[in-house]
Amino acid sequence: MKVKLILPALAEAESPFWRPIKYSLFPPLGLATLAAFLSPDDEIDLQDQHVENLNLNDEPDLVIIQVYITNAYRAYNIADHYRAKGAYVLLGGLHVTALPEEAAQHADSIFLGPAEESFPRFLANFRDKRPQKVYKSVTRTLSNLPPIRRDLIKRNKYLVPNSLVVTRGCPHHCDFCYKDAFFEGGKSFYTQLVDDALAEIGRLPGKHLYFLDDHLLGNPRFAQELFDGMKGMNRVFQSAATIDSILNGDLIEKAAEAGLRSVFVGFETFSPENLKQSNKKQNIARNYEDAVRRLHSLGIMINGSFVFGLDHDDKDVFRRTVEWGVENAITTATYHVLTLYPGTRLFQRMETEGRIITRNWDLYDTRHVVYKTHGLTAEELEEGYNWSYKEFYKWTNIFNASFKHDSAKHILKHLFYTGGWKKFEPLWNFIIKTEGLNKMLPLLESILSKVEYGKREQVKEIERVIV
Ligand code: B12
Ligand code: SF4
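Scoring rules and cut-offs
- Residues numbered from 1 in each chain as written.
- Chains lettered and ligands numbered in written order.
- Predicted model: local features only at pLDDT ≥ 70, side-chain atom pairs only at ≥ 80, totals over all residues.
- Helix = DSSP H or I, 4+ residues; strand = E, 2+ residues; numbered from the N terminus.
- Rg over C-alpha atoms; globule rule 2.2 N^0.38 Å.
- Buried ≥ 20, exposed ≤ 12 C-beta atoms within 10 Å, placed from the backbone.
- Near = placed C-beta within 6 Å.
- Nonpolar A, V, L, I, M, F, W, Y, C, P; charged D, E, K, R; others polar.
- Pairing = 2+ DSSP bridges.
- Core = buried A, V, L, I, M, F, W, Y, C linked by C-beta atoms within 7 Å.
- Domains from an automatic or database assignment.
- Contact = placed C-beta atoms within 7 Å.
- UniProt positions renumbered as here; feature names shortened; annotations may be inferred.
- Axes fitted to C-alpha atoms, helices over the stretch in contact; angles between N-to-C directions.
- Parallel < 35°, antiparallel > 145°, perpendicular 65-115°, else oblique.
- Left-handed = near helix turned anticlockwise from the far one by under 90°.
- Expected span 1.5 Å × (residues − 1).
- Arc of directions from axis to C-beta.

## Here we look at the overall build of the chain
Helix and strand counts for the chain stand at 20 helices and 14 strands. For the chain, whose C-alpha radius of gyration is 22 Å, the value lies close to the compact-globule estimate of 23 Å for 467 residues. Over its C-alpha atoms, taken along the principal directions, the chain stretches across nearly 70 × 55 × 45 Å. Within the chain, the fraction of its 467 residues that count as buried is 44%.

## So, the site of ligand 1
Of all residues adjacent to ligand 1, which total 36 residues, the nearest are Gly30, Gln66, Gly92, Gly93 and Tyr178. Of all the secondary structure elements, the ones that give two or more residues to the shell around ligand 1 are α1 (29-35), β3 (62-66) and β4 (88-92). The greatest single-element share of the shell around ligand 1, amounting to four residues, is contributed by α1. Partitioning the shell around ligand 1 into residue classes produces 24 nonpolar, eight polar and four charged.

## Comments concerning the sheet that holds strand β14 (residues 332-337)
The six strands are arranged β7-β10-β11-β12-β13-β14 in an open sheet whose pairing can be described as parallel. Every other strand in the sheet has two partners, leaving β7 (163-164) and β14 as the edge strands with one partner each. Alignment of strand β10 (residues 208-211) against strand β11 (residues 236-241), held across three bridges, turns out to be parallel. Residue His208 lies in a different strand from β11, and its bridge partner there is Val236.

## Quick word on the nonpolar core
If you look at the biggest cluster of nonpolar residues, it comprises 111 residues, and the most contacted ones within it are Leu5, Val63, Ile64, Ile65, Val89, Leu91 and Phe308. Inspection of this core shows a minimum of three residues originating in each of domain 1 (2-136) and domain 2 (162-448). Those residues in contact with Ile64, other than ones at most four positions away along the chain, are Val3, Leu5, Leu31, Leu34 and Leu90.

## Side note on the UniProt feature "domain: Radical SAM core" (unreviewed entry) in the chain
Here the UniProt feature "domain: Radical SAM core" (unreviewed entry) sits at residues 156-374. Between the first and last C-alpha atoms of residues 156-374 the distance is 46 Å; the span itself is 33% helix and 19% strand.

## Examining the environment of Ile243
Along the polypeptide, Ile243 turns up in helix α9 (residues 243-247). The class of Ile243 is buried, set by 21 C-beta atoms lying within 10 Å. Through-space distance from the C-alpha of Ile243 to that of Gly266 is 7.4 Å; in sequence the pair is 23 residues apart. Apart from the residues lying within four places of it in its own chain, the contact partners of Ile243 are Val265, Gln282, Asn283, Arg286, Tyr288 and Ala291.

## Side note on the domain arrangement of the chain
Split by domain assignment, the chain resolves into domain 1 (2-136) and domain 2 (162-448). A C-alpha centroid distance of 26 Å is found between domain 1 and domain 2. In this assembly, 21 residues from domain 1 lie in contact with 23 residues from domain 2. At the level of elements, α2 (72-84) and α3 (94-98) are the ones that each hand at least two residues to the side of domain 1 that touches domain 2. In terms of residue count, the dominant contributor to the side of domain 1 that touches domain 2 is α3 (three residues). Residue composition of the side of domain 1 that touches domain 2, grouped by class: 14 nonpolar, four polar and three charged.

## Examining the pairing of β11
In terms of burial, β11 is a largely internal element, six of the six residues being buried. The alternating pattern of β11 places Val236, Gln238 and Ala240 and Phe237, Ser239 and Ala241 on opposite faces, both of which are buried. Relative to strand β12 (residues 260-268), β11 is paired through five bridges, and the arrangement is parallel. Each residue of the ladder has a partner; that of Gln238, found in β12, is Ser262.

## Here's the deal with the site of ligand 2
For ligand 2, the full set of nearby residues is Cys170, His172, His173, Cys174, Cys177, Lys179, Asp214, His215, Thr242 and Gly266. Residues belonging to the shell around ligand 2 are distributed by class as follows: three nonpolar, five polar and two charged.

## Overview of the packing of helix α8 (residues 220-230) against helix α10 (residues 251-258)
Here α8 crosses α10 at 25°, and the two axes come no closer than 8 Å. As far as their axial angle goes, α10 and α8 are roughly parallel. Where α8 crosses over α10, the handedness of that crossing is left-handed. Of α10, the residues touching α8 (which contributes Pro220, Ala223, Gln224, Phe227 and Met230) are Leu251, Lys254, Ala255, Glu257 and Ala258. Grouping the amino acids of the contact of α8 with α10 by side-chain chemistry returns seven nonpolar, one polar and two charged.

## Points about the packing of helix α13 (residues 317-327) against helix α15 (residues 378-392)
Between α13 and α15, the shortest axis-to-axis distance is 9 Å and the interhelical angle comes to 20°. Considering their axes alone, α13 and α15 lie roughly parallel with respect to each other. In this structure, the crossing between α13 and α15 has a hand that is right-handed. Each of Phe318, Thr321, Val322, Gly325 and Val326 in α13 lies in contact with α15, whose residues at this interface are Gly384, Trp387, Ser388, Glu391 and Phe392.

## Re the sheet that holds strand β2 (residues 43-48)
If you walk across this open sheet you meet the six strands as β2-β1-β3-β4-β5-β6, and the pairing is parallel. Two strands close off the open sheet at either side, each with one partner strand: β2 and β6 (134-136). Neighbour-to-neighbour, the strand axes of the sheet open up by a mean angle of 15°, direction not taken into account. Where β4 lies against strand β5 (residues 109-112), two bridges are found, and the strand directions are parallel. Across the sheet, Leu90 pairs through a bridge with Ser109, a residue of β5. Set on the sheet, α2 makes contact with β1 (2-7), β3 and β4; between it and β4 the angle comes to about 165°. Relative to the sheet, helix α5 (residues 118-127) contacts β5 and β6, its axis offset from that of β6 by approximately 145°.

## Digging into α15
With 15 residues, α15 should reach 21 Å at 1.5 Å per residue; the first-to-last C-alpha distance of 21 Å fits that figure. Of all the positions in α15, only Glu380, Leu381, Gly384, Tyr385, Ser388 and Phe392 are classed as buried. Taken end-on, α15 shows its buried residues confined to a sector of 135°, consistent with a single buried face. Exposed side chains of α15 directed beyond 90 degrees from the buried face belong to Glu379 and Lys390. On its buried face, α15 is in contact with β13 (301-308), α13, β14 and α16 (395-402).

See below:
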């Protein structure tokens, strides 16, 4: 059987904000996970439209398309195209799970939720020529999965080919998050067996890993055993964790010992009212500065995530948030305009309150205001969001933030990481065009190498030379 797997490009591929490097980071892991269930005799073509031109002139028997909210229209067009040619088309992923009726108009079968159990079920039905229209995820387990088909990934097209997920979902229930909708009807947080996770890590070449898990420290026992097992594997890795998990116990030290060098943290907002309204309990009454200090003392860089436009925000929120990030030496900041993903409690609340102003999913990209705001106007919100990015990534602020660190190495890492990520777009574009991204991995690995502490004299020396 000829099988085509497609990750259609997100809408912003056509916008002035398009940053090819951002979309050349990670390969389509979900699709490579699904491909593992196909037969060795199947002829498989996996295409990621973020990094290559789609070949739509082929004649596959089965087409598998992953749908995110801002690639949904593109995904539907591709699906219609292949159905017109007589292929059997499957749609799945976050957006299909949130809006099954919309997706079903463009698919022969749709998949709701994670598909590790439902996709093999479909394959058996398909081979028996009695596929169903809708497949819901029933059993949630990551045991006994076949190894991800990483051979189908074009590694040289990605900066971070070694991405992996060893858990699914998250133990928390933030109102704006996709998680509860996607995992509805079953467990919404579960892990691999530690040995399976370590085996997956062992299969990955090189040194660098990027865990795409929502919350790698979410199950402390699993995380502890994973980090114990990773000691001595000589890896450096990046991941995501919540503030409470960084402050509690000594799991974060264990993570640092195992090679954690940079972490994505959802600070989201400084307003207790906003946290309460968003059900972001794990941030309430937590001292953000303590979490930052703890991470920095372990030499871990921070990618802080912040949301603008919650109901208790005012016009000053942008300045305060950027200043806090610089003052606390956050390495990179990801700002979002509050976005109401269909299926979330936030979406339901806004719908009940009559506050949704557009259902054009292309605009649900965390840059546009798609609801009636409180406290500040839509224009103020979009302007403030754009201002925040510009301001945080000004060279003066990058230098200011870098020089807050105590160790010379951390300062240099901060400078290279932040500068490299945001200030050399033409160079990245050139590297992508010349297919050299994968060769940049050793550089990333050395930026993520371990920090030594307490070298304040060296800091002064760097200040003298640079400033
Ligand atoms: C990697 C990633 C990206 C990559 C995506 C490209 C890529 N190559 O994968 C990049 C960097 C481009 C990206 C960008 C953004 N992302 Co992102 N990203 C992720 C992340 C961390 C991992 C995805 C992943 O690989 N998961 C692991 C695999 C195994 O799971 P999966 O992909 O879901 O696939 C499974 C199922 O969904 C299913 N499945 C999927 N497709 C199909 C199709 C068929 C036919 C079938 C049968 C099954 C099926 O099968 C798989 C196995 O179960 C997720 C968080 C997460 N943990 O999932 C956020 C996440 C998807 N991102 C998110 C966001 C908000 C963004 C941004 C908007 C952030 C920003 N402000 O820039 C942008 C733009 C996204 C947009 N405009 O829609 C949100 C999405 C919320 C939503 N409801 O859509 C998530 C969920 C993070 C979060 N916790 O909020 N992201
Ligand atoms: S902590 Fe993060 S992944 Fe978990 S529910 Fe909240 S936003 Fe979602």
